[in-house]
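Residue strings, one per chain:
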Amino acid sequence: GLWAGAILPLVLSVYENIGCRIAGQFFLEEFVEKGLHKKFGMAQEILPSLTITYLHCMSQGARLCILVARAAWDPDDHWWMFTLGFGLVFNVSSRTLWIGRCTQLLSGGYLRMDNFQRLLAQAKFQGGYPPFLALFGVGAVRAALGHPWVPNSTVAIVIVGLVVVNILEDILVLALGYFNFLPVFQTDEPNAEALLASAHAKFDADFVAQVVPVPSTAARLSEAMDLQLLAWDLQYNLRVDFPELPLWAHVSAVMFSQFNTVMCLIIFGGGINFVLGFCNEPGYGGVGRGILWWPPMEEVRPCGGEAFEGAGFLQRGATFAQASGFFN
């Protein structure tokens, strides 16, 4: 309904921002502050960058699955139009960091802007489009089976609306950035006393408990302090620019997010028999009506009882597979 459409962008944004902060904090505490990042032969920023990009791809896949599945189940319900409109305003405000600015002010500086939040905003230029590739793959399978690309016209309109909204978001964000209508964040100097206290804590907890190849206690404490400064610089030095991710990192985020998008689309979209076009009505009941991989879909009754005119195609395919020894 209307309230679900209004709360959807907010819920997905909270998911992204909480996941972003957890991923960034984990990277700083478990890799940078312990000095483990020096053991990697690649740029240390790839790990949190890949995780944050994947989070946004998953968020966009969830939005696509919810809207498309709802349109497939109830083509006459048009609440998705409000969701797209409200989501456009909310996402543009979030991507231009205005929501981050308000959050920082309302929290008294506790939830301050950092580079991980800036990285999330940058990842949204590319992360909004991979779920459509997964959707295109499902449509191509339906077409190859002789079924329409989409189950009904409302689903087609929702998909077109999602594409248009994503493109419009990018245009508005770029335009606001071009005219410099963006919030200004100050890069504060690091608090030496707080970093020194944290270095002492890390020194006591980690560097003494482990065999560290540093000659003296003073040198080990100095090393801990340097790691604290590095962690602060990676998180709060807002003057830095982000390096470009390598191709394999882009492919990894897109591949894993597409797999989850297709799986969720099948589960929540009415089962694999409806998603692939074997049935005209979504549902999960009936003997022999498959959902994901279990229960297995019957060849003659894929919709849970009624005969299917394409059963001969399935039977011929199964006969060919058995004859060719595919299952042996």
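Residues numbered from 1 in each chain as written. Predicted model: local features only at pLDDT ≥ 70, side-chain atom pairs only at ≥ 80, totals over all residues. Heavy atoms only, no water.

A. Expanded view of the overall build of the protein. The helix and strand inventory of the protein stands at 12 helices and zero strands. A total of 328 residues make up the protein; the buried ones form 44% of that total. Counted over contacts in the protein with a minimum sequence separation of 6, partners at least 24 positions apart contribute 73%. Within the structure as shown, the protein displays about 18,000 Å² of accessible surface, and the carbon and sulfur contribution to it stands at 67%. (Helix = DSSP H or I, 4+ residues; strand = E, 2+ residues; numbered from the N terminus. Buried < 20%, exposed > 50% of the residue type's maximum accessible area, 1.4 Å probe, protein only. Contact = heavy atoms within 4.5 Å. Areas by Shrake-Rupley, 256 points an atom, 1.4 Å probe, with all protein chains shown as cover.)

B. Structural view of the side chain of Asn166. Here Asn166 lies in helix H7 (residues 153-178). Non-local contacts of Asn166, meaning those with residues more than four positions away in its chain, are made with Gln60, Arg63, Gly128, Tyr129 and Phe132.

C. Region of interest: the state of the cysteines. Throughout the structure, instances matching the rule amount to zero disulfides. The cysteine Cys264 is free of any disulfide, with Cys65 supplying the nearest cysteine sulfur at 5.4 Å. The class of Cys264 is partly exposed, set by a relative accessible area of 26%. (Disulfide = S-S within 2.5 Å.)

D. Molecular detail of the packing of helix H2 (residues 46-73) against helix H6 (residues 130-144). Two numbers describe how H2 lies on H6: the axes approach to 8 Å, and their chain directions differ by 45°. Here H6 runs oblique to H2, going by the angle between their axes. Of the residues in H6, those touching H2 at Cys57, Gln60, Gly61, Leu64 and Val68 are Pro130, Pro131, Phe132 and Leu135. In terms of residue class, the contact of H2 with H6 is made up of seven nonpolar, two polar and no charged. (Axes fitted to C-alpha atoms, helices over the stretch in contact; angles between N-to-C directions. Parallel < 35°, antiparallel > 145°, perpendicular 65-115°, else oblique. Nonpolar A, V, L, I, M, F, W, Y, C, P; charged D, E, K, R; others polar.)

E. Seen up close, the pattern of salt bridges. Applying the stated criterion across every chain, the model contains six salt bridges. Between Glu16 and Lys124 there is a salt bridge, with the nearest N and O atoms lying 3.3 Å from each other. Separated by 108 residues along the polypeptide, Glu16 in helix H1 (residues 2-32) and Lys124 in helix H5 (residues 115-127) bring together distant segments of the chain. Summarising the burial analysis for this pair, Glu16 and Lys124 share the class buried. (Salt bridge = Lys/Arg side-chain N within 4 Å of Asp/Glu carboxyl O.)

F. Representation of the environment of Ala62. Along the polypeptide, Ala62 turns up in helix H2. For Ala62, a relative accessible area of 27% gives the class partly exposed.

G. The arrangement of the packing of aromatic side chains in detail. On inspection of all chains with the given rule, the structure shows five aromatic pairs. With centroids separated by 6.3 Å and ring planes inclined at 25°, the aromatic side chains of Phe86 and Phe90 adopt a geometry described as stacked. Of this pair, Phe86 and Phe90 are both found in helix H3 (residues 80-95), four residues apart, which corresponds to roughly one turn of the helix. In this structure Phe86 comes out as partly exposed when scored by relative accessible area, which is 33%. Relative to Phe181, the ring of Trp98 lies with its centre 5.7 Å away and its plane at 45°, an arrangement referred to as tilted. With a gap of 83 residues between them, Trp98 in helix H4 (residues 98-106) and Phe181 in the loop between H7 and helix H8 (192-207) connect regions that are remote in the sequence. Given the relative accessible area of 52%, Phe181 is considered exposed. (Phe/Tyr/Trp six-rings, centres within 6.5 Å; stacked < 30°, edge-to-face > 60°.)

H. Highlighting the nonpolar core. Formed by 26 residues in total, the largest nonpolar core has its most connected members in Leu67, Val68, Val158 and Leu162. For this core, the secondary structure elements donating two or more residues are H1, H2, H3, H6, H7, helix H10 (247-268) and helix H11 (272-275). Once residues within four sequence positions are removed from consideration, Leu67 is found in contact with Leu8, Trp79, Trp80, Thr83, Leu84, Val158 and Leu162. In this structure, Cys20, Phe31, Ile52 and Ala231 belong to the second largest nonpolar core, which totals 11 residues. (Core = buried A, V, L, I, M, F, W, Y, C linked by side-chain atoms within 4.5 Å.)

I. Summary view of H3. Over its 16 residues, H3 runs 21 Å from end to end, which matches the ideal 22 Å to within 8%, given 1.5 Å per residue. Those residues of H3 that sit buried are Trp80, Thr83, Leu84, Gly87, Leu88, Phe90, Asn91, Val92, Ser94 and Arg95. (Expected span 1.5 Å × (residues − 1).)

J. How the structure looks around unusual backbone geometry. Even without a glycine there, the phi angle at Leu97 is positive, about 70°. Checked against the element boundaries, Leu97 lands in the loop between H3 and H4. Among the residues examined, Leu97 registers a relative accessible area of 18% and is labelled buried. For Asn180, which is not glycine, the phi dihedral falls at a positive 60°. Position of Asn180 among the secondary structure elements: in the loop between H7 and H8. Residue classification places Asn180 among the exposed positions, given a relative accessible area of 63%.

Remember, this is a structural readout, not a statement about activity or role.
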